[in-house]
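Breakdown of the fold
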Amino acid sequence: MASGDLAGLYQQVILDHSREKHGFGLAEQADASSHQLNPTCGDEITLQLHVAGGVVSSVTWEGAGCSISMASASLLHDLAPGLTLAEARERIALFRELMHSRGAGIDDEDELLGDAIVLEGVSKYVARVKCAMLAWVALEADLAQVDPR
Amino acid sequence: MPHPNATELGTALTDDEVLVLRRDFPALQQQVNGRDLVYLDSGATSQKPASVLDAERAFYEHDNSAVHRGAHTLAANATELFENARATVARFVGVRENEIVWTSNATEGINLLAYGMSNASLGRGGSDAARFVLREGDEIVTTEGEHHANLVPWQELAARTGATLRHIPVNDDGTLRMDDAERLIGPQTKLVAFTHISNVTGVINPVEDLVRMAHDVGALVVLDACQSAPHRVLDLTTLDVDFAVFSGHKMLAPTGIGVLYGRAELLDALPPFLTGGSMITTVTLEASGYLPAPQRFEAGTQKVSQAIALAAAVDYLTAVGVDRIEAWETELGARLVDGFSAIPGVRVLGPAAGEHRAGLASVDVDGVHAHDVGQFLDDRGIAVRVGHHCAQPLHRRFGVTASTRASAYLYNTTAEIDAVIDGMGAVRSFFGVK
């Protein structure tokens, strides 16, 4: 029998995403691509950004890692299309704030993260925050390539 | 389930005895996530008995002072305790006390050697240090199964000196390919470095055979004893290795103390790595002379309380009986491998059940990443290691990036082994893997 905390960490939607991996598979061309590695556990991801008219058209990726890192990339794939580059940056910042909230969550703007809010439970497990952040850090690097600041 | 070798090793501890000695370990008396802690991560670091904690505290309460200097009583007491600790540890591994160099950990010990050889290659140490000189055409041989600590420093040494690094490959079960070892170790080989026991597979390497091959061609042998010194009867003189390293924190002692063993004549000829106070004879503004080993390698203020605590740890292990600990862990390891092997979708990395191996097992769970396995077990109060265990090349050899390792020590019971087997058996259904 798993504890309530563990069930909160591994919600069914997370386990589903970790298997379904929305957006898995790299395109031949992309506007930006970034490879990220978590050397402590070997989780890795290559994440491509596709932009059309100043707006994210899609995010594609390939990688291997734990269920949290895979689900997070899948959820990011669902969230990103239609965001302006500035909005994408804001969502990454918001997601990072959520991950560093130590289980407290974020108050107002959580609907901005779409289904990715289900990863809130990860913030109770400090050792797993990097797993959830991996894809988002990759997108952040992609954004810096297409829109350097 | 007595292991066939149990009679040769001595009588294994019993669960009843372990339940009594566990009371000596304060950290084991706690609950994690509402369950009694099952600590199966001793391969990473061990828990400490009260006698070790008390020894460190007593030093600071009564004897704290600088060693090897000062004429006052406390300084003399501290020096005596520090040197007695060296003698205790030397006896524990069957060597002389001037052959024991204190380091921070095994990693520092290997780096000390690598930089000492590097310095010899730059001409330091003169003709006495000639056998440590590496140059283009020389070879260092290590294995595919090493902890990064016994690989990266040799990569760096090879890069600094122009020597070539070679690797003895492993078989599918993690044992060394000894025919390849015969082929790789030759007249060009100057150093052979390998682990006694793999921290991933529990494979016990054939030290005697490798030492013979190395010495036949005049190469030096470095043994990584991190996973053997805490768990098995170890006599480095009989094994005839030239150098060996191990870490205190894996054998009931605090962090910050480790050991480099070297044969006396080699240590006295090896140029120092860290230089400064406490390791010199005469110092002028231009140049300095160095003390013989071990002091020539112990520059600066030493790890005094940690060394004394390591001696207390060795006393504890000796009182329990290392042969009995070895026999007990052999039983626990066999139970662990038997149990894991019987779970569908769980692959044990390393030798199969019934094979000669140490008291640990790493597994790959089909469809579930090691981090998720570890998280699931933690929820049951079970502490295991997940990741590559600082052995990426070996994991790559097995076709995985990470694994989950359960590693036992003298304080683990059969009920704890059964708890982790039971937990492992529930992992795939929790994560919905068919």
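Since the structure is predicted, the reported quantities are computational estimates derived from the model, not experimental observations.

**Quick look at helix H2 (residues 12-20) of chain A**
Residue and element names in this part refer to chain A.
- For H2, the complete set of buried residues consists of Ile14, His17 and Ser18. Burial along H2 is one-sided: seen end-on, the buried residues are contained in an arc of 100°. Counted as exposed and oriented over 90 degrees from the buried face of H2: Gln12 and Glu20.
- For H2, the secondary structure elements touched by its buried residues are helix H3 (67-79).

**Digging into the sheet that holds strand S16 (residues 385-387) of chain B**
Residue and element names in this part refer to chain B.
- Within the open sheet, the four strands sit side by side as S13-S14-S17-S16. Their pairing is antiparallel. The open sheet has two edge strands, strand S13 (346-349) and S16, and neither has a second partner. On average, each strand axis in the sheet is tilted by 30° relative to the strand beside it, whichever way the strands run.
- Relative to strand S14 (residues 360-365), S13 runs antiparallel, the two being bridged by four bridges. Following the sheet pairing, Val346 is matched in S14 by Val365.
- Sitting on the sheet, helix H13 (residues 370-379) is in contact with S14, S16 and strand S17 (403-407), with an inclination near 160° to S16.

**Some remarks on unusual backbone geometry**
Residue and element names in this part refer to chain B.
- At the junction of Ala293 and Pro294, the peptide bond is cis and its omega measures out at 0° in the coordinates.
- In this fold, Pro294 is placed in the loop between strand S12 (288-290) and helix H11 (304-320).
- In this structure, Asp240 takes a positive phi of about 65° despite not being glycine.
- Residue placement: Asp240 occurs in the loop between helix H9 (236-239) and strand S9 (243-247).
- Asp240 sits in the partly exposed class, given 16 other C-beta atoms within 10 Å.
- With a phi angle near 80°, Leu252 is a residue other than glycine that sits in the positive phi range.
- Summarising the element assignment, Leu252 is placed in the loop between S9 and strand S10 (258-262).
- Since 27 C-beta atoms lie within 10 Å of it, Leu252 is described here as buried.

**Quick word on the domain arrangement of chain B**
Residue and element names in this part refer to chain B.
- By domain assignment, chain B separates into domain 1 (15-48 + 321-427) and domain 2 (54-318).
- For domain 1 versus domain 2, the distance between C-alpha centres works out to 28 Å.
- Every contact between the two is made by 29 residues of domain 1 and, on the other side, 29 residues of domain 2.
- No other element matches helix H12 (residues 322-341), which puts six residues into the side of domain 1 that touches domain 2.
- Considering only residue class, the side of domain 1 that touches domain 2 consists of 12 nonpolar, 10 polar and seven charged.

**A few points about the interface of chain B and chain A**
- Taken residue by residue, the interface counts 16 residues in chain B and 13 residues in chain A.
- Contributions of two or more residues to the side of chain B that touches chain A are made by H13 and S16 of chain B.
- Per element, the largest residue contribution to the side of chain B that touches chain A is five residues, and it comes from H13 of chain B.
- Across the side of chain B that touches chain A, the residue classes tally to five nonpolar, nine polar and two charged.

**Re the environment of Thr189 of chain B**
Residues and elements named next belong to chain B.
- Looking at the secondary structure, you find Thr189 in strand S7 (residues 189-195).
- Considered as a pair, Thr189 and Ala293 are 104 residues apart in the sequence and their alpha carbons are 26 Å apart.
- For Thr189, the residues in contact, after removing those within four places along its chain, are Glu139, Val141, Ala214, Val217 and Ala219.

**Quick look at the nonpolar core**
- Formed by 136 residues in total, the largest nonpolar core has its most connected members in Val89, Val192, Ile308, Leu310, Ala313 and Val420 of chain B.
- The greatest single-element share of this core, amounting to 11 residues, is contributed by H11 of chain B.
- Split by domain, the residues of this core number at least three in each of domain 1 (15-48 + 321-427) and domain 2 (54-318) of chain B.
- Every residue in contact with Val192 of chain B, bar those within four places of it in the chain, is listed here: Val141, Ile185, Leu210, Ala214, Ala219 and Val221 of chain B.
- Counting 35 residues, the second largest nonpolar core, distinct from the first, contains Leu9, Ile14, Ile45 and Val122 of chain A.

**Let's talk about helix H8 (residues 207-216) of chain B**
Residue and element names in this part refer to chain B.
- Those residues of H8 not exposed but buried are Val207, Leu210, Met213 and Ala214. Seen along its axis, H8 keeps its buried residues to an arc of 135°; they face one direction. Turned more than 90 degrees away from the buried face of H8 sit Glu208 and Asp216, all of them exposed.
- Its buried side turned inward, H8 meets helix H7 (178-184), S7, strand S8 (220-224) and H9.
- One or two positions beyond H8, positive phi appears at Gly218, with a value near 80°.

**Describing the sheet that holds strand S3 (residues 55-64) of chain A**
All names here are of chain A.
- As summarised here, the arrangement of the three strands in space is S1-S2-S3, forming an open sheet in which the pairing is antiparallel. Taken across any chain shown, the strands that pair with only one partner, and hence form the sheet edges, are strand S1 (32-38) and S3. Direction aside, the axes of adjacent strands within the sheet are offset by 20° on average.
- Sheet strands in contact with H3 are strand S2 (43-52) and S3, and its direction is about 165° off that of S3.
- Sheet contacts for helix H5 (residues 129-146): S1, S2 and S3; angle to S2, the most-contacted strand, approximately 40°.

Cut-offs and rules
Residues numbered from 1 in each chain as written. Chains lettered and ligands numbered in written order. Predicted model: local features only at pLDDT ≥ 70, side-chain atom pairs only at ≥ 80, totals over all residues. Buried ≥ 20, exposed ≤ 12 C-beta atoms within 10 Å, placed from the backbone. Helix = DSSP H or I, 4+ residues; strand = E, 2+ residues; numbered from the N terminus. Arc of directions from axis to C-beta. Contact = placed C-beta atoms within 7 Å. Pairing = 2+ DSSP bridges. Axes fitted to C-alpha atoms, helices over the stretch in contact; angles between N-to-C directions. Domains from an automatic or database assignment. Nonpolar A, V, L, I, M, F, W, Y, C, P; charged D, E, K, R; others polar. Core = buried A, V, L, I, M, F, W, Y, C linked by C-beta atoms within 7 Å.

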